[in-house]
Amino acid sequence: MHHTDSVLIAAPVEAVWAVLVDVTRWPEWTPTMTEVRLLDADALRPGARVRIVQPRLPTVTWTVDAVDAPWSFSWVVAAPGGRSRATHELADAGEGRTRVRLGVEQTGIAAVFGALTRSLTRRYVRLEAESLRSRCEGRTP
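Residues numbered from 1 in each chain as written. Predicted model: local features only at pLDDT ≥ 70, side-chain atom pairs only at ≥ 80, totals over all residues. Heavy atoms only, no water.

**Q** Outline empty space enclosed by the protein, listing residues and values.
**A** The full count for this structure, using the stated rule, is one cavity of 30 Å³ or more. Roughly 50 Å³ of internal volume is contained in the largest cavity. The wall of the largest cavity is formed by L20, W26, W29, T30, H88, L102, E128 and L132. Elements supplying a minimum of two residues to the lining of the largest cavity: α2 (26–29) and α4 (118–136). Of the residues assigned to the lining of the largest cavity, the class counts are five nonpolar, two polar and one charged. (1 Å grid on protein atoms, 1.4 Å probe; cavity = no way out; pocket = protein on both sides within 12 Å on 5 of 7 lines; lining within 4 Å. Points joined across faces, edges and corners; volume = space filled by probe spheres on them. Helix = DSSP H or I, 4+ residues; strand = E, 2+ residues; numbered from the N terminus. Nonpolar A, V, L, I, M, F, W, Y, C, P; charged D, E, K, R; others polar.)

**Q** Tell me about the packing of aromatic side chains, residues and numbers included.
**A** Think of a pair of aromatic rings as described by two things: how far the centres are apart, and how the planes are tilted against each other in angle. Counted by the stated rule, this structure contains five aromatic pairs. Between F73 and W75, the aromatic rings sit 5.2 Å apart at their centres with planes inclined by 75°, giving edge-to-face as the arrangement. A network of ring pairs unites the aromatic residues W17, W26, W29, W62, F73 and W75 as a single cluster. (Phe/Tyr/Trp six-rings, centres within 6.5 Å; stacked < 30°, edge-to-face > 60°.)

**Q** Can you break down the pairing of strand β7 (residues 97–108) residue by residue, with the values?
**A** The pairing of strand β1 (residues 2–9) with β7 spans eight bridges and is classified as antiparallel. Considered in β7, the bridge of I9 is made with T98. Strand direction decides the pairing type here: strand β6 (residues 82–94) and β7, joined by twelve bridges, are antiparallel. By the bridge assignment, D92 is partnered in β7 with T98. Hairpin connection between β6 and β7: a loop of two residues separates the two successive antiparallel strands, and E95 in this loop has a positive phi of roughly 55°. (Pairing = 2+ DSSP bridges.)

**Q** Describe the nonpolar core, with residues and values.
**A** Counting residues in hydrophobic clusters, the biggest one holds 31 residues, and the most contacted among them are V23, W26, V50, W75 and L132. Ranked by the residues each element gives to this core, the list is headed by helix α1 (residues 13–20), at five residues. When near neighbours in sequence (up to four residues on either side) are disregarded, L132 contacts I9, V16, V19, L20, W29 and V100. (Core = buried A, V, L, I, M, F, W, Y, C linked by side-chain atoms within 4.5 Å. Buried < 20%, exposed > 50% of the residue type's maximum accessible area, 1.4 Å probe, protein only. Contact = heavy atoms within 4.5 Å.)

**Q** Before we move on, could you go through the pattern of salt bridges and cite the residues and values that matter?
**A** Counting across every chain of the model gives 13 salt bridges. Here D5 ties to R126 by a salt bridge, and the two come within 2.4 Å at their closest N and O atoms. Taken as a pair, D5 in strand β1 and R126 in helix α4 lie far apart in primary sequence, 121 residues in all. Given a relative accessible area of 17%, D5 falls into the buried group. When its relative accessible area of 32% is taken as the criterion, R126 is described as partly exposed. We note a salt bridge from R37 to E35, for which the minimum N-O separation is 2.5 Å. Assessed through its relative accessible area of 42%, R37 is described here as partly exposed. (Salt bridge = Lys/Arg side-chain N within 4 Å of Asp/Glu carboxyl O.)

**Q** Got a sec to walk through unusual backbone geometry? Specific residues and values, please.
**A** Of note, the bond from A69 into P70 is cis; its omega dihedral lies within 30 degrees of zero at -5°. Within the secondary structure layout, P70 lies in the loop between β4 (60–68) and β5 (72–79). Even without glycine at this site, R56 takes up a positive phi of about 70°. Mapped onto the fold, R56 is located in the loop between β3 (49–53) and β4. Despite not being glycine, E95 shows a phi value in the positive range, around 55°. Note on placement: E95 falls in the loop between β6 and β7.

So, in structure tokens, the structure goes:
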């Protein structure tokens, strides 16, 4: 199961990156997050764990598996028989704009859960992309 969405943001990569990696503040600008807490680090880095509470979904602790500042980061949740990986990618679109691509990939038993929550996951990924654009462009979501 794989879900992706992208938006074009009228802000430079560095500005979008600053908002994106400040994960504990995500609940301020996206209704898809109730709480985001870094558990054992003060910033995103490989190995850091991040506890995320979302409406209508179980609370999950993600582990950051890659950071390539200011271009991308990803985190994973692995359990016996399944895995979810969320990606957050930025690309310079020229003229002070940034292309953002968000994705969630689920395999194994996680894909079964993903099939059950497909429409919710699609809606959340889209809403997160749109909310990030609103935040970076100084608009209210």
